[in-house]
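As a plain string of letters, each chain reads:
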Amino acid sequence: MMNNAVEVRDLRVVRGGNEVLRGLDFTVRAGEVTGLLGPSGSGKTTLMRSLVGVQRITAGDVEVFGRPAGAASLRAEIGYVTQDPSVYGDLTVAENLRFFARILGVPDSRVAECIGLVDLTGQAEAVVARLSGGQRSRVSLAVALLASPQLLVLDEPTVGLDPVLRVELWESFHRFAREGAAVLVSSHVMDEADRCDRLLLMREGRLIADDTPDGLRRATGTHDIEHAFLTLVREEVPR
Amino acid sequence: MSTTTATVAVTTRVLTQVRRDHRTVAMLLVMPCVVMTLLWWMFEDLPGDGFDRLGPALLALIPFIVMFLVTSVTTLRERTSGTLERLLAMPMGKVDFLFGYAIAFGLFAAAQSALAVALCVWLLDLTIVGNVWMLLVVAVVDAILGTALGLFVSAFARTEFQAVQFMPVVVIPQILLCGLFVPREALPRVLEVISDVLPLSYGVDAMQTVAASHDTGEVWLDLAVVAAYVVAGLALGALTLRRQTP
């Protein structure tokens, strides 16, 4: 019953002579929150960019909803939030959303809805540059939600947020998933792992695990994901 | 989403951004008037028609230089902040982006030039034989030329500091060779040929023709050359907007 929103086969990306992604195979399913975990520099962002279609891939297949990543018809169906908030600092929150709504061809009524979803209704008329870092990334998230995308790709969306807000955001990720979207969230903080339905563990351009948090703990005989990660790294055969 | 909606959305957004920056707006509108007044004052006590000779060329240069700088810095900001990548990952045509910017800065240049032209014609007694409205048309086309070239070079700069460094490369040679200092036909042959392929030469020619004669045919011809460079600049600019990066 679970549909694969994303199917990746033998994905390789070489950037500037370095093999950043070294042959990845995985799926991201609709209706689930999939966590992409790994230390910084392990290739998480490059992987996410490949799914969104803005990263030129060297080899392999990346299919989103059965179409090759980057296909023109996918552009309104994927919501992508980059690590640094990609919004205009000199516009207000509402002006930013209204602009992107017009580009996406989404009715203006979505603007207030999406501002509400990220809990910024009180700041709607504030200029983005004057907001805190956490608020700015929520503006960026709100833009990604405008077109009600069926695939949400979120690159470290909870960095620098206060714990209460972090919990709220994770709750909304699960709400999007329950409504049928596929949600892929990256993080370098292992303690966020338990909030995910499924985990992809990454290290040096390879996937070292693809399991549920419980399954991962069982398989490695550990109590938390941090230790599971260490166990997997130690077991890894050096290539 | 239709193409015009997206173009209008980009134009509106750029205008809102510029409007919010009061200091930039003041600089954009007041600076050309100050420069023109300074030029007028320099020749005030001198015999001859220095202001009439140089004034029109300066009216062509200012919108070009200002819009070149403003555009290369703003589009570079758009590239480095990730908003350009976000837009290109959305269903937006590259042409919408380029036209949106060109229209926004064209409108701004119109306001800027209207003030400068009004000041020169009514307060500083600049002699204009041709149609005063044509001065505005030429100024706007020159401004759009600056925007088109600015969009293009912003692709080759990584920082705003680098973007500003393109001014000596792209703008200053054009100022030197446009006929402002030495009439173009009096330049050494090689420089004259170079001057013939630089777009700003035609912008300045058009402005000087409006100031000195009723020959609108000649003006439109020069403007057509500038417009061709605008189209080429925007086309090259479109090539630098990549939906996928390595």
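Remember, it's a predicted structure, so these values are computed and weren't measured experimentally.

### Some points on the overall build of chain A
Now for step 1: A count of helices and strands for chain A gives 7 helices and 10 strands.
Now for step 2: Taken over C-alpha atoms, the radius of gyration comes to 18 Å for chain A, in line with the 18 Å a tight globule of 239 residues would show.
Now for step 3: The principal-axis extents of the C-alpha atoms in chain A amount to approximately 55 × 40 × 40 Å.

### Overview of the overall build of chain B
Now for step 1: For chain B, the helix and strand inventory stands at 10 helices and 0 strands.
Now for step 2: Listing the helices and strands of chain B from first to last along the sequence gives α-α-α-α-α-α-α-α-α-α.
Now for step 3: Its C-alpha radius of gyration of 18 Å places chain B within 12% of the 18 Å reference for a compact globule of 246 residues.
Now for step 4: Principal-axis analysis of the C-alpha atoms gives chain B an extent of 60 × 40 × 35 Å.
Now for step 5: The buried share of chain B, reckoned over its 246 residues, is 43%.

### Brief notes about the sheet that holds strand E7 (residues 151–155) of chain A
Residues and elements named next belong to chain A.
Now for step 1: Spatially, the 6 strands line up as an open sheet ordered E6-E7-E8-E3-E9-E10, and their pairing is mixed. Sheet topology places strand E6 (78–81) and strand E10 (206–211) at the edges, where each strand pairs with a single neighbour. Taken over all neighbouring pairs, the strand axes of this sheet differ in orientation by 15 degrees on average, direction set aside.
Now for step 2: With 5 bridges connecting them, strand E9 (residues 198–203) and E10 associate as antiparallel partners. Paired with Leu 200 across the two strands is Asp 210, which belongs to E10.
Now for step 3: Most of the contacts of helix H1 (residues 44–52) go to E7, to which it runs at about 155 degrees, and overall it touches strand E3 (33–37), E6, E7, strand E8 (182–187) and E9.

### Observations regarding the interface of chain A and chain B
Now for step 1: Of the residues lining the interface, 23 residues belong to chain A; the matching set on chain B comes to 23 residues.
Now for step 2: Broken down by element, the residue count for the side of chain A that touches chain B peaks at 5 residues, all from helix H2 (residues 93–104) of chain A.
Now for step 3: Taken together, the residues of the side of chain A that touches chain B sort by class into 10 nonpolar, 6 polar and 7 charged.

### Observations concerning the environment of Leu 91 of chain A
Now for step 1: The topology assignment puts Leu 91 of chain A in the loop between E6 and H2.
Now for step 2: Here the alpha-carbon distance between Leu 91 of chain A and Val 127 of chain A, two residues 36 residues apart in the chain, equals 5.3 Å.
Now for step 3: If sequence neighbours within four positions are ignored, Leu 91 of chain A has contacts with Asn 96 and Val 128 of chain A together with Thr 16 and Gln 17 of chain B.

### Structural notes on helix H4 (residues 133–145) of chain A
Residues and elements named next belong to chain A.
Now for step 1: With 13 residues, H4 extends 19 Å between its outermost C-alpha atoms, agreeing within 8% with the 18 Å of an ideal straight helix rising 1.5 Å per residue.
Now for step 2: For H4, the tally of buried residues reaches 10 of 13 residues, placing the bulk of the element in the interior.
Now for step 3: Within the span of H4, buried status applies to Arg 136, Ser 137, Arg 138, Val 139, Ser 140, Leu 141, Ala 142, Val 143, Ala 144 and Leu 145.
Now for step 4: Summarising the contacts, the buried residues of H4 are in contact with E6, H2, helix H3 (109–117) and E7.

### What about the packing of H2 of chain A against helix H1 (residues 3–20) of chain B?
Now for step 1: Packing of H2 of chain A against H1 of chain B leaves a shortest axis separation of 8 Å and a crossing angle of 160 degrees. Here H2 of chain A lies roughly antiparallel to H1 of chain B, going by the angle between them. Between H2 of chain A and H1 of chain B lies a crossing whose hand is left-handed. Facing H2 of chain A, whose interface residues are Glu 95, Phe 99, Arg 102 and Ile 103 of chain A, H1 of chain B presents Thr 5, Ala 6, Ala 9, Arg 13 and Thr 16 of chain B.
Now for step 2: Its residues assigned to classes, the contact of H2 of chain A with H1 of chain B shows 4 nonpolar, 2 polar and 3 charged.

### So, the pairing of strand E4 (residues 59–64) of chain A
Two faces belong to every sheet, and in a regular strand the side chains alternate between them.
All names here are of chain A.
Now for step 1: Bridge analysis of strand E1 (residues 4–15) against E4 gives 5 bridges, and the strand direction is antiparallel. Across the sheet, the residue bridging to Val 8 is Val 62, located in E4.
Now for step 2: The loop that links E4 with its antiparallel partner strand E5 (residues 67–68) comprises 2 residues; one of these, Phe 65, has a positive phi angle of about 50 degrees.

### Details of H1 of chain A
All names here are of chain A.
Now for step 1: Counting buried positions over the 9 residues of H1 gives 7, a clear majority of the element.
Now for step 2: All of the buried residues in H1 are Lys 44, Leu 47, Met 48, Arg 49, Ser 50, Leu 51 and Val 52.
Now for step 3: Following H1 by one or two positions, Gly 53 adopts a phi angle in the positive range, close to 95 degrees.

### Some remarks on the sheet that holds E1 of chain A
All names here are of chain A.
Now for step 1: Read from one edge to the other, the open sheet built from 4 strands follows the order E2-E1-E4-E5, with strand pairing classed as antiparallel. Only two strands of the sheet have a single partner each, and these edge strands are strand E2 (18–29) and E5.
Now for step 2: Bridge analysis of E4 against E5 gives 2 bridges, and the strand direction is antiparallel. Across the sheet, residue Glu 63 finds its bridge partner in E5, namely Pro 68.

### Brief notes about the packing of helix H3 (residues 50–80) of chain B against helix H5 (residues 94–123) of chain B
Residues and elements named next belong to chain B.
Now for step 1: Axis separation between H3 and H5 bottoms out at 10 Å; the angle between their running directions is 150 degrees. Overall, the two elements H3 and H5 adopt an arrangement that is roughly antiparallel. For H3 against H5, the interelement crossing comes out right-handed. In contact with Gly 55, Leu 59, Ile 62, Pro 63, Met 67, Val 70, Thr 71 and Thr 75 of H3, H5 contributes Tyr 101, Phe 105, Ala 109, Gln 112, Ser 113, Ala 116, Val 117 and Cys 120.
Now for step 2: Here the contact of H3 with H5 is built from residues that sort into 11 nonpolar, 5 polar and no charged.

### Topic: the confidence of the model for chain A
Now for step 1: Of the residues in chain A, 97% reach a pLDDT of 70 or more, and the chain-wide mean stands at 90.
Now for step 2: Mean pLDDT across the secondary structure elements of chain A bottoms out at helix H7 (residues 225–235) of chain A, with 83, and peaks at H2 of chain A, with 95.

### Things to note about the confidence of the model for chain B
Low pLDDT means the predicted coordinates in that region are not meant to be read closely.
All names here are of chain B.
Now for step 1: Per-residue pLDDT for chain B has a mean of 89; in total, 99% of the residues score no lower than 70.
Now for step 2: Helix H8 (residues 189–197) holds the highest mean pLDDT among the elements of chain B, 93, whereas helix H7 (residues 160–177) holds the lowest, 88.
Now for step 3: Confidence metrics for the complex model read pTM 0.88 and ipTM 0.86.

### Regarding unusual backbone geometry
All names here are of chain A.
Now for step 1: Even without glycine at this site, Phe 65 takes up a positive phi of about 50 degrees.
Now for step 2: Position of Phe 65 among the secondary structure elements: in the loop between E4 and E5.
Now for step 3: Notably, Ser 148 is not glycine yet its phi reads approximately 45 degrees, a positive angle.
Now for step 4: The exposure class assigned to Ser 148 is partly exposed, which follows from the 16 C-beta atoms found within 10 Å.

Cut-offs used in this document
- Residues numbered from 1 in each chain as written.
- Chains lettered and ligands numbered in written order.
- Predicted model: local features only at pLDDT ≥ 70, side-chain atom pairs only at ≥ 80, totals over all residues.
- Helix = DSSP H or I, 4+ residues; strand = E, 2+ residues; numbered from the N terminus.
- Rg over C-alpha atoms; globule rule 2.2 N^0.38 Å.
- Buried ≥ 20, exposed ≤ 12 C-beta atoms within 10 Å, placed from the backbone.
- Pairing = 2+ DSSP bridges.
- Axes fitted to C-alpha atoms, helices over the stretch in contact; angles between N-to-C directions.
- Contact = placed C-beta atoms within 7 Å.
- Nonpolar A, V, L, I, M, F, W, Y, C, P; charged D, E, K, R; others polar.
- Expected span 1.5 Å × (residues − 1).
- Parallel < 35°, antiparallel > 145°, perpendicular 65-115°, else oblique.
- Left-handed = near helix turned anticlockwise from the far one by under 90°.
- pLDDT = per-residue confidence, 0-100.

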